[in-house]
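These are the residues of each chain, in order.
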Amino acid sequence: MRFSFTDEQQEFRSVVRRFLENKSPTTAVRRLMETDVGYDPEVWRSLTEDLGLTAIHIPEIYGGQGFGISELAITVEEMGRALLCAPYFASTVLATTAILKAGTDAQKQALLPDIAAGKTIAALAFTEENGRWDAGGVATTATPVGEKYRLDGIKSFVLDGHTADVIVVVARRPGSTEANGLSFFTVRGNAAGLERCNLATMDQTRKLARLTFSGVEAQLLGEEGAAAGPLEVTLDVAAICLANEMVGGAARLHESAVAFANMRVQFGRPIASFQSLKHKAADMLLDVELAKSAAYYAAAAADEGDEDLPALASLAKAAASEAYMQTAIHTVQIHGGIGFTWDNDTHLWFKRAKSSEVFLGGSAYHRERLMQIWQV
Amino acid sequence: MTEMTVETVRAEVRAWLKQNWDPNLGLVEWRNKLIESGWGAPHWPKVWYGRDLPDGMLPIVEEEFERISAVGVAKMGIRTLAAATILAHGTDLHKQKFLRRILTGEDTWCQLFSEPGSGSDLAGAMTKAERRGNRWVINGQKVWTTSAHRADYGLLLARTNVDLPKHKGLAYFILDMRQPGVEVVPLRQMNGHASFNQVFFTDAEVAPEFLVEDDGDGWKIATTTLMHERRGADAMRRYIKPSERPERVYREEAREIAIDLEPYKWYPQRAGRVDLVIARAKETGRNRDPVVRQEIAKLMIMARCSEWTARRARAAHQYGRPQGPEGSLGKLASSYVARAANQVHTLISGADAMLTGKNSPMNGVIAEILVSTPAISIAGGTDEIQKNIIAERVLKMPKEPRFDTDRPFRDVPKNVLPK
């Protein structure tokens, strides 16, 4: 099913789309992006309780719905389309996947039911101030103290890290380097010694935090020193989900560009009748559809346990980064002057495209990674 | 009659093949047997060599043929477009005279649509057909005609009336290519090959019964041919593997394939040969250059995305879903992939990209890529026409303003052709 959605998946998509059209119009996006918290608790409640979206890819034994990455990808594609302001990507995509891939059965039992129910919002603190997206960039240390650990270091660019109830942290055994000695830990958001700073983000719909750990007591998640593998899978799944989120946003931008061109009259005719705009719109559609193909294919591959997943994740992310940004640039251009104003909605997606281009690694990083995986 | 299901169709074709398949027959002899049985063209009507099988069941029949390596009817080239057009618009006389020999491969066909003055704008054809006594007399010139030099018949779009608007004054003929008024001259392309021809008509003749439908219906019928051309582009590639088996039918088929494919031998290079890129980068050591690595990755990503987009379009078709935008993008995507591949091959080959033939990498294959990819964004509908189609049909943007359809063809501005 890598090339086609099932009827059930199509139906699911339209339910999510209707929900988001209702709950996340741009008026709501504009209101929430100005707040520090960055989301509407009532919409979050409805999203988790009424639609069960936070439970989607969590197995039923942990209180989830037991669907796959394909359904998760459909959800985030629709959220990217609607530019939903919510800690969904942080909690359901990043932190949940890390817990699923790294945690012991007891830890999953303890953590996941509340995350699935939306009662706990989790975040994944992985990147540091060096902005590296690979395991080698982790410098935060975890020092054993009896049964527990003490975390020291600074995490940055942590998605929704300022509001999360639980933070999944990647840290290393003192003295270890690269992929060795890495472990996952969990920390409460209000833990002593944890200082959380909400960073000013260019894309106001995506909240990032800097978390300073000064001797913060932490629980080990999974096996000590064995986080490199689960972390890589988590980041691959996240890159695939981000690619899907991005193609959702790109498609929405493209539609808005065509709609505007059809409406806008200059020289006595709709500007959509000019061949320069028709050809640009056709090229934009091609970019978006090509990127969609990679995003959908990679999501389906994740469900099928494809061993080429790391390559497919990087491929999908690189394709989506280029397509989203190009679409955003062209959409501003097609709108002309009004496209550069704050009042016009295009910049909201433009900024999401820009932050997504970089988040989890830019396209040059993912292209190089793809070449290495393919042993070129 | 029992109901037709996947199982009954499979059982039936399998039983028939078991009874009749004989690789020691001559190719035409075998195909005649196959045609009589209806398994050669099972999606055709029962009265005309078929079995009225739904298109969706064709793959089952094909699988059974492939399973025992049985040879099918002739499927390559313009002959399948001729057959589809004749089935849709031809008279019983046409069907009687042409269909069987199309399937046996005894007759070769060509398509006489494009002209020097009308490429993207096929309805602007100026080749003239005049009724003189009991004959249609043809004068003018066609171009880009594959296989014209060995064709028995041509599908001809010609102008019969310049006082009508351009689409109304056209007629569609089946023209006998083997007559004195038809001269075929090879057309050499920028890559040195001559895969196409120019065809000149000087008082060439067509008997009235080989006008297809009525005078004035030419554009409608040409549209049928073109629709099958677009649909068939995918199907054609599946039949291009000649067998190396020694039996007579395989030897004769291999000969046929070699002749039919001769004009297309550079087509893989036209598409950019993405398959060669990684091996070439490694053997030249250019894979160590980070800039080259980035360009290779960009190309591979685009090529994969394009392939998966085509698969999405096919899957939607298979599941009977309405075609999404992905179905209209394949040709444009191929152009961009080919163009990018050309650049990457140049980057990898460096100074060697200045050479050709034996002196150039891979005995000239790389050089052939570099001078063949421009064809892909022109042939079968230019990128510009593709983009208009996408913008107008998929995105519902306004149609191009036209100044040529609302007046007699004689008043429409035309190209001045060099003498």
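The model shown is predicted, which means the values in this text are computed figures rather than measured ones.

Asker: Explain the overall build of chain A here, please?
Answerer: Along its length, chain A carries 11 helices and nine strands. A total of 376 residues make up chain A; the buried ones form 55% of that total. When contacts within chain A are restricted to residue pairs at least 6 apart in sequence, those whose partners lie at least 24 apart make up 74%.

Asker: What is the right way to look at the overall build of chain B in this model?
Answerer: Along its length, chain B carries 13 helices and eight strands. Whereas a compact globule of 419 residues would reach a radius of gyration of roughly 22 Å, chain B reaches 23 Å, a difference of no more than 12%. When its C-alpha atoms are laid out on the principal axes, chain B stretches across 70 × 65 × 45 Å. Looking at the 419 residues of chain B, the share that counts as buried comes to 38%. Of the contacts made within chain B by residues no fewer than 6 positions apart, 69% connect residues no fewer than 24 positions apart.

Asker: Quick question: what am I supposed to make of the interface of chain A and chain B here?
Answerer: You'll often see interface size given as the accessible area lost when the parts meet. Between chain A and chain B, the contact holds 30 residues from the first and 34 residues from the second. Broken down by secondary-structure element, the contributors of at least two residues to the side of chain A that touches chain B are α7 (228–263), α8 (275–303), α9 (309–335) and α11 (363–373) of chain A. With 13 residues, α8(A) is the single largest residue contributor to the side of chain A that touches chain B. Looking at the side of chain A that touches chain B residue by residue, the classes come out as 20 nonpolar, six polar and four charged.

Asker: Where do I start with the domain arrangement of chain B in this structure?
Answerer: Taken domain by domain, chain B comprises domain 1 (6–74), domain 2 (79–235) and domain 3 (266–380). Relative to domain 3 of chain B, the C-alpha centre of domain 2 of chain B lies at a distance of 33 Å.

Asker: Teacher, can you tell me more about the domain arrangement of chain A here?
Answerer: All names here are of chain A. Annotation of chain A at the domain level lists domain 1 (7–120), domain 2 (123–225) and domain 3 (229–373). At the junction of the two partners, domain 1 supplies 22 residues and domain 2 supplies 16 residues. Contributing elements (two or more residues each) for the side of domain 1 that touches domain 2: α2 (26–33), α5 (88–102) and α6 (105–116). Class assignment of the residues belonging to the side of domain 1 that touches domain 2 gives a composition of 14 nonpolar, six polar and two charged.

Asker: Sorry if this is basic, but what is going on with the nonpolar core here?
Answerer: The tendency in soluble globular proteins is for nonpolar side chains to be buried side by side. Core analysis: the biggest nonpolar cluster contains 168 residues, and Val168(A), Ile240(A), Ala295(A), Ala298(A) and Ala316(A) have the highest contact counts within it. In this view, Ala295(A) contacts Ala73(A), Ile240(A), Ala243(A), Asn244(A), Val247(A), Ala316(A) and Ala320(A); residues no more than four positions away in its chain are not counted. Formed by 56 residues, the second largest nonpolar core is a distinct cluster that contains Ala41(B), Ile86(B), Ala125(B) and Val182(B).

Asker: Would you take a moment to explain the confidence of the model for chain B for this structure?
Answerer: It should be kept in mind that the predicted coordinates are not to be read in detail where pLDDT is low. All names here are of chain B. Looking at chain B, the pLDDT average stands at 93 and 97% of residues meet or exceed 70. Predicted confidence is poor over residues 234–238, with pLDDT under 50, and the contacts of this stretch with residues over four places away or in other chains come to one contact. If you check the scores for this complex, the pTM reads 0.92 and the ipTM reads 0.96.

Asker: Is there a simple way to think about helix α9 (residues 277–284) of chain B in this case?
Answerer: Side chains of residues three or four places apart in an α-helix project in the same direction, reflecting 3.6 residues per turn. Residues and elements named next belong to chain B. Those residues of α9 that fall on the buried side of the exposure criterion are Val277, Arg280 and Ala281. One side of α9 holds all its buried residues, which, seen down the axis, span an arc of 100 degrees. Looking one or two residues past α9, Gly285 carries a phi angle of roughly 80 degrees, positive in sign.

Asker: Teacher, can you tell me more about α11(A) here?
Answerer: Those residues of α11(A) lying buried are Ser363(A), His366(A), Arg367(A), Arg369(A), Leu370(A) and Met371(A). Each element contacted by the buried residues of α11(A) is listed here: α9 and α10 (346–358) of chain A together with α10 (290–318) of chain B. Gln375(A) occupies a position one or two residues after α11(A) and carries a positive phi of about 55 degrees.

Here is what the cut-offs are and how they apply
Residues numbered from 1 in each chain as written. Chains lettered and ligands numbered in written order. Predicted model: local features only at pLDDT ≥ 70, side-chain atom pairs only at ≥ 80, totals over all residues. Helix = DSSP H or I, 4+ residues; strand = E, 2+ residues; numbered from the N terminus. Buried ≥ 20, exposed ≤ 12 C-beta atoms within 10 Å, placed from the backbone. Contact = placed C-beta atoms within 7 Å. Rg over C-alpha atoms; globule rule 2.2 N^0.38 Å. Nonpolar A, V, L, I, M, F, W, Y, C, P; charged D, E, K, R; others polar. Domains from an automatic or database assignment. Core = buried A, V, L, I, M, F, W, Y, C linked by C-beta atoms within 7 Å. pLDDT = per-residue confidence, 0-100. Arc of directions from axis to C-beta.

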